[in-house]
Amino acid sequence: MIKTIGVLTSGGDAPGMNAAVRAVTRAGIAQGMEVKVIYRGYKGLIDGEVKTFTTQDVSGIIPRGGTLIKSARCTEFHTPEGRKQAYETLQREHIDALIVIGGDGTFTGGSLFAQEYDLPVIGIPGTIDNDLWGTDATIGYDTALNTITESIDKLRDTATSHERVFLVEVMGRDAGFLTLNAAIAGGCEAAIIPERAPILEQIEEAIGSGRRKSKNSSIVLVQEHAVEGGAATVAQMIEKVHPEYSTRVTVLGHLQRGGSPSAYDRILASRMGVAAVQALVDGQRNVMVGIQNDDIVLVPLSKAIHQKKDIKEDSWEAMNVLSI
Ligand code: F6P
């Protein structure tokens with residue numbers, strides 16, 4: 001029987017992580033468990049930064065962005081020695097199971113750790129990238145999408161006033177979900193994403209056709225890793241072919257990770273946190289809590305990590321049809 005659970009946030013922070021920690025804490029306590037938070041992700045697990053949380057410790061954190069229990073990217077946990085030290089912390093703290101909140105890297109480490117030490121590990125997807133297979137949404141994605149859309153709306157004002165072409169660089173690691181959907185929501189002229197290449201012809205077509213219809217400004221979203229050098233490179237490419245265009249580059253950067261979580265992310269995090277604790281009670285191990293068609297599902301961690309989530313073809317088509 002699981003008496004004590006550990007919970008940590010790891011990798012890039014995402015709005016809604018606090019709501020997930022709150023849900024795990026309160027659901028765990030409701031199940032009669034002790035809940036211990038581990039500060040700074042796997043780094044804190046190695047260093048023994050552990051604290052028992054009460055329901056009061058998570059009071060008032062649901063609207064807060066970032067992660068109260070901190071996050072880190074930890075290379076030490078990639079080594080067997082690092083994981084051994086982490087396991088020693090678990091033993092010392094009598095932690096029987098772990099709930100890890102994060103993305104791909106968090107789950108890769110958690111899955112390996114679970115196998116090596118025969119430990120129940122449950123993953124909660126928390127990343128703005130929405131790149132995990134087996135879940136329609138990840139915690140933080142909706143908020144980031146709204147932040148990007150608001151930024152596009154603001155850039156549109158200045159782009160139209162000066163009749164310029166704006167290249168806006170969007171995060172996403174290897175995935176284009178944020179870029180594509182923000183482009184649809186922001187009514188952008190083109191989106192450049194790693195999943196769809198070649199791209200330059202598409203941009204030229206999008207901008208060119210806009211100009212032919214007397215659209216004198218454009219906003220093109222560029223996924224951070226779709227083109228070597230990002231949005232700045234695309235701006236140079238465009239100006240080379242069309243010296244008559246005046247281009248400007250905006251890199252949204254870590255702004256995209258901040259802010260109070262949207263209602264959707266708060267609800268998603270709350271449902272997933274409660275489901276993660278329930279999964280442990282039900283004897284589940286090494287699974288990710290996901291959401292599919294608004295139902296909570298459990299997906300093997302190995303699948304969530306190794307299978308590739310595809311962008312929706314109809315979204316890509318919508319982007320292209322509506323951008324002209
Ligand atoms: O995974 C979340 C994310 O924000 C990616 O979109 C981005 O590529 C990366 O993290 C940036 O990481 P860091 O904050 O470590 O620079």
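The rules behind these values
- Residues numbered from 1 in each chain as written.
- Predicted model: local features only at pLDDT ≥ 70, side-chain atom pairs only at ≥ 80, totals over all residues.
- Heavy atoms only, no water.
- Helix = DSSP H or I, 4+ residues; strand = E, 2+ residues; numbered from the N terminus.
- Rg over C-alpha atoms; globule rule 2.2 N^0.38 Å.
- Contact = heavy atoms within 4.5 Å.
- Areas by Shrake-Rupley, 256 points an atom, 1.4 Å probe, with all protein chains shown as cover.
- Lys, Arg positive; Asp, Glu negative; His and termini not counted.
- Charge placed at Lys NZ, Arg CZ, Asp CG, Glu CD.
- Buried < 20%, exposed > 50% of the residue type's maximum accessible area, 1.4 Å probe, protein only.
- Pairing = 2+ DSSP bridges.
- Axes fitted to C-alpha atoms, helices over the stretch in contact; angles between N-to-C directions.
- Left-handed = near helix turned anticlockwise from the far one by under 90°.
- Nonpolar A, V, L, I, M, F, W, Y, C, P; charged D, E, K, R; others polar.
- Phe/Tyr/Trp six-rings, centres within 6.5 Å; stacked < 30°, edge-to-face > 60°.
- Polar contact = N/O pair within 3.5 Å; in protein donor to acceptor, adjacent residues only side chain to side chain.
- Near = heavy atom within 4 Å.

All right, on to the overall build of the chain then. A tally of regular secondary structure across the chain gives 11 helices and 11 strands. Taking 2.2 N^0.38 as the reference for a compact globule, 324 residues should give roughly 20 Å; the C-alpha atoms of the chain span a radius of gyration of 21 Å, in line with that estimate. Along the first, second and third principal axes, the C-alpha set of the chain runs to 70 × 35 × 30 Å. Pairs at least 24 apart in sequence give 75% of the contacts found in the chain among residues at least 6 apart. By element, 50% of the accessible surface of the chain is carried by carbon and sulfur atoms, the whole surface being about 13,900 Å². Across the chain, 32 positive and 40 negative side-chain charges occur, with their mean positions spaced 4 Å apart.

Moving on: the pairing of strand β10 (residues 287–292). Burial within β10 is extensive, with five of its six residues counted as buried. Sheet topology places strand β5 (residues 121–125) next to β10; two bridges connect them, and they run parallel. Pairing of G123 across the sheet is with M288, part of β10. Here six bridges tie β10 to strand β11 (residues 295–300), and the two strands are oriented antiparallel to one another. Of the residues in β11, the one forming a bridge with G290 is V297. Counting the residues that bridge the hairpin from β10 to β11 gives two residues, and of these N293 lies at a positive phi of roughly 50 degrees.

Moving on, we get to the packing of helix α1 (residues 17–30) against helix α9 (residues 263–281). Taken N-terminus to C-terminus, the directions of α1 and α9 make an angle of 35 degrees; their axes are 7 Å apart at the nearest point. The way α1 lies across α9 gives a crossing that is right-handed. Packed against α1, whose contacting residues are A19, A20, A23, V24, A27 and G28, the element α9 presents R266, A269, S270, G273, V274 and V277 at the interface. Of the residues assigned to the contact of α1 with α9, the class counts are eight nonpolar, three polar and one charged.

For the rest of this paragraph, the subject is the sheet that holds strand β7 (residues 190–192). Overall, parallel pairing links the four strands, which are arranged β7-β8-β6-β9 in an open sheet. Each edge of the open sheet is held by one strand with a lone partner, namely β7 and β9 (247–251). Looking at each pair of strands side by side, their axes are set apart by 20 degrees on average, direction ignored. Across three bridges, β7 lies against strand β8 (residues 218–223) in parallel orientation. If you follow A190 over to β8, its bridge partner there is V220.

On to the packing of aromatic side chains. Per the counting criterion, the structure on display carries four aromatic pairs. Centre to centre, the rings of Y42 and F77 are 4.0 Å apart; their planes meet at 5 degrees, and the pair counts as stacked. Residue Y42 is found in helix α2 (residues 41–47), and its partner F77 is found in the loop between β3 (50–52) and α3 (80–92); the two are separated by 35 residues along the sequence. In terms of burial, Y42 and F77 fall into one category: buried. With centroids separated by 5.5 Å and ring planes inclined at 65 degrees, the aromatic side chains of F113 and Y117 adopt a geometry described as edge-to-face. Of this pair, F113 and Y117 both sit in helix α4 (residues 104–117), separated by four residues, roughly a single helical turn.

So, on to the sheet that holds β10. Read from one edge of the open sheet, seven strands run β3-β2-β1-β4-β5-β10-β11, paired in mixed fashion. Only two strands of the sheet have a single neighbouring strand rather than two, namely β3 and β11. Between one strand axis and the next, the sheet turns by 30 degrees as a mean value, whatever way the strands run. The pairing of strand β1 (residues 4–9) with strand β4 (residues 97–102) spans five bridges and is parallel. Bridging across to β4, I5 finds its partner in A97.

Turning to its location among the elements, T247 is positioned in strand β9. Judged by relative accessible area, which is 10%, T247 ranks as buried. A polar side-chain atom of T247 sits 2.7 Å from a polar atom in the side chain of E239. Those residues within four positions of T247 in sequence are excluded, and the remaining contacts are V165, L167, A235, I238 and E239.

Around the ligand sit R73, T127, I128, D129, M171, G172, R173, E224, H254 and R257, and that is every residue in its neighbourhood. When the ligand is considered free in solution it has 400 Å² of accessible area, and contact with the protein chains removes 76% of it. Residue composition of the shell around the ligand, grouped by class: two nonpolar, three polar and five charged.

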